[in-house]
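Per-entry structural report
If you want the building blocks of each chain, they are given just below.
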Amino acid sequence: MKIENTYWNTNLKYLVILLSIWFIASFGFGILFVDALNEIKMGGFKLGFWFAQQGSIYVFVILIFVYIYLMNRLDAKYKTKE
Amino acid sequence: MELQYWIWIAVGISFSLYIGIAIWSRASSTKEFYVAGGGVHPIANGMATAADWMSAASFISMAGIISFNGYDGSVYLMGWTGGYVLLALLLAPYLRKFGKFTVPDFIGDRYYSNYARGVAVFCALIVSFTYIAGQMRGVGVVFSRYLEVDITTGVVIGMCIVLFYAVLGGMKGITYTQVAQYCVLIFAFMVPAVFISIIMTGNAIPQIGFGATGSDGVYLLDKLDGLHRELGFHEYTTGSKSTLDVFLITLALMVGTAGLPHVIVRFFTVKKVSDARKSAGWALLFIAILYTTAPAIAVFSRTNLIETVSNKEHANLPGWFEKWQTTGLIKFEDKNQDGLIQYVADPEINELIVDADIMVLANPEIAKLPNWVIALMAAGALAAALSTAAGLLLVISASVSHDLIKKIINPAVSEKNELIAARLSAFGAVLLAGYFGVNPPGFVAATVALAFGLAAASFFPAIVMGIFSKRMNKEGAVSGMVVGILLMLFYMTKFKFGWFGGGTNEDWWFGISPEGFGSFAMLVNFVVSIIVSKLTPPPGQEIQSLIENIRKPN
């Protein structure tokens, strides 16, 4: 019972961290702060525009693969203890 | 070689491939029919999910829509990809752990009530039917445009193909044809994109190319912004919608994506929980290839279009202009009779109307690419439309045969008869979808986008709380789903079809468009569910242990 609770709590901690990044990269950089970021240019891209049409999508892909890695590690840890 | 021959060859080869796969992978049990036997490899499932997900609209229309809306089009890019993060982190692994066949299965079991199951079936059917009618129409349009048959014949051909592999193969047949369809559609999308990127910027990667400089040394995006300002359009790289509305539309599309039954059900087909997580990652990676290329195509084709037509003599335009004019997708009216094309924002002076679909369909011709590339586009567009239609069909047939007949009406039904019922309902659903494809209700285009709002307002809260809250009970979940979907239906029929007194943009509640309203309805769903569940008894011990079990590691 206790082991399961730690497993679940660690999972929830990962979710909070990853979903915060998810929110900041898309709703933050791509929508709420887009005008401020557009002042910065990266090559031909205005940064806010780039996050809205490119960057946020790359971040999403990376987030899921990080989650896969973290959870596989967590699963392995609890499997050995069981 | 003649274009028409190329098209017949490309379409013929890809269709025989799909049919061959269907015969090889036909389903013999309900488990194979509903979830492909539950042993699909995560990468294969990722590809199938991507093909399932990317419809004719993603393939044909999205780049065009972005091309005309610039930054405002970002809602689709972020909305239709960001949902996979929610899916991977909040839904897919737990639903796989739960291990049944359909979304109403989960709702019905977790909320220990056939009433909840019934509501979920109702929501699944509404969402899937609004979506599939648009797909069959897409199939018809693509057939008629490329094979030069009329739309009805096109829809009928499409129906026969889908019928063949969905009814025969069930989820198993659909999964492996979708893998093939993904390969066809992504190849067809990328080849012209890479060619055009090389032609316009000298960079073979479109994602980088559209931030690079053109042959004149000016950054492409700066040039496009300048052209837009000159012609009176809104600047390409900045928005014209309110921040609140952009925020809510993006959220509704994301949450709706995560709540769409035909997407969720794909995660029931893998062997274990870790595979469900993996296939969500692969699915998004495969989707991202197209979704990061689309905004590049949007910029290339927008610049190309303006430079080719603006203030040019109509008589001297390249051949594709006239060809697409005859299809009605390009309309030109020389208002001031000067023989030049005035393409500007002001509707009084503007002489040119270009349909958004042109941007992808005519792109190879505009960029003077060889005929086989155009044929490839036809095969790709058909793959996109067929794969999505098949995935939706399966949800509809499983809702009827499994959730309605097996779980509610007649639990004693044998597996053999359930399988027959599944095939019959798939058959019925194809006929109905085909009917809507031939006689599209005027609101099809409008409702496809709204299907996301409906999914967001109904399923997402019920599933998420079913996993993350042990206190959520059947009273709360059912009242939340009912209020959520009715509120969304009310708002969309009021402002889209003029029911309940109708209304204009001025009357929108808090300035929220119907597309963004799903976010609001979802919030209401959450609030109603929580309040009602606090006032009613908590779920029993059995449900508590069911939730514990879903959360446990493998």
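Described below are features of the structure shown in this document. (Residues numbered from 1 in each chain as written. Chains lettered and ligands numbered in written order. Predicted model: local features only at pLDDT ≥ 70, side-chain atom pairs only at ≥ 80, totals over all residues. Heavy atoms only, no water.)

A count of helical and extended segments in chain B gives 22 helices and 2 strands. Relative to its length of 554 residues, chain B is compact, with a C-alpha radius of gyration of 24 Å against a globular reference of 24 Å. If one aligns the C-alpha atoms of chain B with their principal axes, the spans along those axes are about 80 × 55 × 40 Å. Within the span of chain B, comprising 554 residues, buried residues form 63% of the whole. Partitioning the intrachain contacts of chain B with sequence separation of at least 6 by distance along the chain shows that 80% fall at a separation of at least 24. (Helix = DSSP H or I, 4+ residues; strand = E, 2+ residues; numbered from the N terminus. Rg over C-alpha atoms; globule rule 2.2 N^0.38 Å. Buried < 20%, exposed > 50% of the residue type's maximum accessible area, 1.4 Å probe, protein only. Contact = heavy atoms within 4.5 Å.)

Now for the overall build of chain A. Helix and strand counts for chain A stand at 3 helices and 2 strands. Counted from the first residue to the last, chain A has its helices and strands arranged as α-α-β-β-α. In summary, chain A has a C-alpha radius of gyration of 17 Å against a globular reference of 12 Å for 82 residues, an excess of more than 25%. Viewed in the frame of its principal axes, chain A has a C-alpha envelope of about 55 × 20 × 15 Å. Taken across its 82 residues, chain A has 54% of its residues classed as buried. For chain A, contacts bridging at least 24 residues in sequence account for 60% of all contacts bridging at least 6. With an accessible surface of roughly 4100 Å², chain A has 70% of that area assigned to carbon and sulfur atoms. The averaged location of the 5 negative side-chain charges in chain A is 7 Å from the averaged location of its 8 positive side-chain charges. (Areas by Shrake-Rupley, 256 points an atom, 1.4 Å probe, with all protein chains shown as cover. Lys, Arg positive; Asp, Glu negative; His and termini not counted. Charge placed at Lys NZ, Arg CZ, Asp CG, Glu CD.)

In this section: the environment of phenylalanine 247 of chain B. Mapped onto the elements, phenylalanine 247 of chain B comes out in helix H11 (residues 243–259). Taking the C-alpha atoms as reference, phenylalanine 247 of chain B lies 9.7 Å from glycine 79 of chain B; in sequence the two are 168 residues apart. Excluding residues that lie within four positions of it along the chain, phenylalanine 247 of chain B makes contacts with Phe23, Phe27, Ile31 and Leu32 of chain A.

Before going further, it helps to examine the packing of aromatic side chains. Residues and elements named next belong to chain B. Scanning all chains against the criterion turns up 37 aromatic pairs over all chains. One aromatic cluster is present, formed by Phe490, Tyr491, Phe495, Phe500, Trp509, Phe510, Phe517 and Phe520 through successive ring pairs. A cation over an aromatic ring shows up here: arginine 302 above the ring of phenylalanine 233, its NZ or CZ 5.0 Å from the ring centre. Positioned over the ring face of phenylalanine 495 is lysine 494, at 5.5 Å from the centre of the ring. (Phe/Tyr/Trp six-rings, centres within 6.5 Å; stacked < 30°, edge-to-face > 60°. Lys NZ or Arg CZ within 6 Å of the ring centre and 35° of its normal.)

Put simply, an interface is often sized by how much accessible area is lost when its parts join up. Contact residues are listed per partner, giving 41 residues for chain A and 52 residues for chain B. Interface of chain A and chain B: buried area, both sides summed, is about 4100 Å²; carbon and sulfur atoms make up 73% of it. By the criterion of area lost to chain B, the three top residues of chain A are Trp8, Gln53 and Ile64 of chain A, representing 15% of everything that side buries. The salt bridge partner of aspartate 75 of chain A is arginine 277 of chain B, with a shortest N-O separation of 2.8 Å. Between chain A and chain B we count 11 residue pairs in polar contact (both at pLDDT 80 or more) in total. Every element with two or more residues in the side of chain A that touches chain B is listed here: helix H1 (2–32), strand E2 (45–46) and helix H3 (47–81) of chain A. Partitioning the side of chain A that touches chain B into residue classes produces 26 nonpolar, 10 polar and 5 charged. (Buried area = accessible area lost by both parts, 1.4 Å probe. Salt bridge = Lys/Arg side-chain N within 4 Å of Asp/Glu carboxyl O. Polar contact = N/O pair within 3.5 Å; in protein donor to acceptor, adjacent residues only side chain to side chain. Nonpolar A, V, L, I, M, F, W, Y, C, P; charged D, E, K, R; others polar.)

Residue and element names in this part refer to chain B. Taken as a whole and judged by the stated rule, the model has 14 salt bridges over all chains. Where glutamate 32 meets lysine 172, a salt bridge forms, and the shortest distance between an N and an O atom there is 3.7 Å. You can see glutamate 32 sitting in helix H2 (residues 30–35) and its partner lysine 172 sitting in helix H8 (residues 151–201), a full 140 residues away along the chain. The salt bridge involving aspartate 109 is made with arginine 117; its shortest N-O contact spans 3.0 Å. Among the charged side chains, a network of salt bridges with common partners joins Lys100, Asp105, Asp109, Arg117 and Lys407.

Our next topic: empty space enclosed by the protein. The final tally for this structure, using the stated rule, is 4 cavities of 30 Å³ or more. Forming the boundary of the largest cavity are 16 residues, of which Tyr7 of chain A together with Val273, Arg277, Arg551 and Lys552 of chain B lie nearest the centre. For the lining of the largest cavity, the elements supplying multiple residues, two or more each, are H1 and H3 of chain A together with helix H5 (74–98), helix H13 (273–309) and helix H22 (541–551) of chain B. Each residue belonging to the lining of the largest cavity can be placed in one class, and the counts come to 9 nonpolar, 2 polar and 5 charged. Space inside the second largest cavity adds up to approximately 80 Å³. Lining of the second largest cavity is provided by Tyr34, Phe101, Thr102, Val103, Pro104, Pro261, Val265, Leu394, Val395, Ala398, Ser399 and Asp403 of chain B. Broken down by element, the lining of the second largest cavity gets its largest block of residues, 5 residues, from helix H17 (residues 371–409) of chain B. (1 Å grid on protein atoms, 1.4 Å probe; cavity = no way out; pocket = protein on both sides within 12 Å on 5 of 7 lines; lining within 4 Å. Points joined across faces, edges and corners; volume = space filled by probe spheres on them.)

Turning our eyes to something else, we now look at helix H6 (residues 103–110) of chain B. All names here are of chain B. With 8 of its 8 residues buried, H6 lies for the most part within the structure. All of the buried residues along H6 are Val103, Pro104, Asp105, Phe106, Ile107, Gly108, Asp109 and Arg110. At the N-terminal boundary of H6, the capping side chain belongs to threonine 102, with an oxygen 3.1 Å from the backbone nitrogen of aspartate 105. Tyrosine 112 occupies a position one or two residues after H6 and carries a positive phi of about 35 degrees.

When two helices pack together, their arrangement is given by the angle between the helix axes and the distance between those axes. Residues and elements named next belong to chain B. One way to put it is that H5 packs onto H22 with a least axis distance of 8 Å and a crossing angle of 120 degrees. The orientation of H5 with respect to H22, classified from their angle, is oblique. Crossing of H5 against H22: the hand is right-handed. Contacts between H5 and H22 involve Tyr94, Lys97 and Phe98 from the first element and Leu546, Asn549 and Ile550 from the second. The residue makeup of the contact of H5 with H22, split by class, is 4 nonpolar, 1 polar and 1 charged. (Axes fitted to C-alpha atoms, helices over the stretch in contact; angles between N-to-C directions. Parallel < 35°, antiparallel > 145°, perpendicular 65-115°, else oblique. Left-handed = near helix turned anticlockwise from the far one by under 90°.)

Residue and element names in this part refer to chain B. Taking 1.5 Å of rise per residue, the 37 residues of H13 would be expected to cover 54 Å, and the 54 Å separating its terminal C-alpha atoms lies within 8% of that figure. When the local axis directions of H13 are compared, the greatest deviation, roughly 30 degrees, occurs at alanine 288. With respect to burial, H13 is a largely interior element, 31 of its 37 residues being buried. Just beyond H13, the residue with positive phi is asparagine 311, at close to 60 degrees. (Expected span 1.5 Å × (residues − 1). Bend = angle between axes of the 7 residues up to and from the residue.)

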